[in-house]
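# Observations on the model geometry
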Amino acid sequence: QVQLVESGGGLVQAGGSLRLSCAASGRTFSGYTMGWFRQAPGKVHEFLARITWDGGITYYTDSVKGRFTISRDNAKNTVYLQMNSLKPEDTAVYYCAAAISWTSRRQEYGYWGQGTQVTVSS
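The structure reproduced in this document is the subject of the present report. (Residues numbered from 1 in each chain as written. Predicted model: local features only at pLDDT ≥ 70, side-chain atom pairs only at ≥ 80, totals over all residues. Heavy atoms only, no water.)

Of the regular secondary structure elements, the protein holds zero helices and eleven strands. In terms of C-alpha radius of gyration, the protein reaches 13 Å, essentially the compact-globule figure of 14 Å for 122 residues. In terms of overall dimensions, the protein has a C-alpha envelope of 40 × 30 × 25 Å along the principal axes. Looking at the 122 residues of the protein, the share that counts as buried comes to 43%. Considering only intrachain contacts with a sequence separation of at least 6, the fraction spanning at least 24 residues in the protein is 57%. Per element, the accessible surface of the protein, about 6100 Å² overall, is 49% carbon and sulfur. Of the side-chain charges in the protein, 12 are positive and 8 negative, and the distance between the mean point of each set is 1 Å. (Helix = DSSP H or I, 4+ residues; strand = E, 2+ residues; numbered from the N terminus. Rg over C-alpha atoms; globule rule 2.2 N^0.38 Å. Buried < 20%, exposed > 50% of the residue type's maximum accessible area, 1.4 Å probe, protein only. Contact = heavy atoms within 4.5 Å. Areas by Shrake-Rupley, 256 points an atom, 1.4 Å probe, with all protein chains shown as cover. Lys, Arg positive; Asp, Glu negative; His and termini not counted. Charge placed at Lys NZ, Arg CZ, Asp CG, Glu CD.)

This brings us to the sheet that holds strand β3 (residues 18-26). Strand order in the open sheet made by the four strands is β1-β3-β8-β7, with antiparallel pairing throughout. The sheet is open, and its two borders are formed by β1 (2-7) and β7 (68-73), each paired with just one other strand. Looking at each pair of strands side by side, their axes are set apart by 15 degrees on average, direction ignored. (Pairing = 2+ DSSP bridges. Axes fitted to C-alpha atoms, helices over the stretch in contact; angles between N-to-C directions.)

Turning to the nonpolar core, a few remarks are in order. Judged by nonpolar contacts, the single largest core of 29 residues is most densely connected at M34, W36, L81, M83 and Y94. Elements represented by at least two residues in this core include exactly β1, β3, β4 (33-39), β5 (46-51), β7, β8 (78-83), β9 (92-99) and β11 (116-121). Counting residues in hydrophobic clusters, the runner-up holds five residues, among them F37, F47, A97 and A99. (Core = buried A, V, L, I, M, F, W, Y, C linked by side-chain atoms within 4.5 Å.)

Glancing now at unusual backbone geometry. We note that N77 has phi near 55 degrees; this positive angle belongs to a residue other than glycine. Within the element layout of this structure, N77 appears in the loop between β7 and β8. For N77, a relative accessible area of 26% gives the class partly exposed. Of note in this structure, S85 is not a glycine but carries a positive phi near 50 degrees. Owing to a relative accessible area of 42%, S85 belongs among the partly exposed residues under this scheme.

Take the packing of aromatic side chains next. What the rule picks out here adds up to seven aromatic pairs. Judged by centre distance (6.1 Å) and plane angle (25 degrees), the ring pair of F47 and Y59 falls under stacked. Placement of F47 in strand β5 and of Y59 in strand β6 (residues 58-60) is noted, with a sequence separation of twelve residues between them. The class for Y59 is partly exposed, based on a relative accessible area of 41%. With centroids separated by 6.2 Å and ring planes inclined at 75 degrees, the aromatic side chains of Y95 and W112 adopt a geometry described as edge-to-face. With Y95 in strand β9 and W112 in strand β10 (residues 109-112), this pair connects stretches of sequence that are 17 residues apart. Residue Y95 is classed as buried on the basis of its relative accessible area of 15%. Chaining the aromatic ring pairs together yields one cluster made of F37, F47, Y59, Y95, Y109 and W112. Above the face of the W102 ring, R50 is positioned so that its terminal group lies 4.2 Å from the ring centre. (Phe/Tyr/Trp six-rings, centres within 6.5 Å; stacked < 30°, edge-to-face > 60°. Lys NZ or Arg CZ within 6 Å of the ring centre and 35° of its normal.)

Written out as structure tokens, the structure reads:
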């Protein structure tokens, strides 16, 4: 069982930056693929980025590649999402999630945080 709690969301102007954190508790955090998703109003969850259990490999969806960076610190049981050059269309609730497999499929992430709101003003 893994419990996840996101933080770091807020209101930022277009072009600004935010760093989201996801603190994990429970067993074997280091054994999971960690991912970040977001959900804008009226839309389905969108995959953003994932990272292997050891942080050695990352993968991004095209819409955030070059602007967002996922990282993790297993000693602190925390995964991060650094978001730069934010755009109004990045406005959404952002979620971290944990999966056993190396995947971008939302259905394969068994553990989710409660989400943190990110609002980007133009």
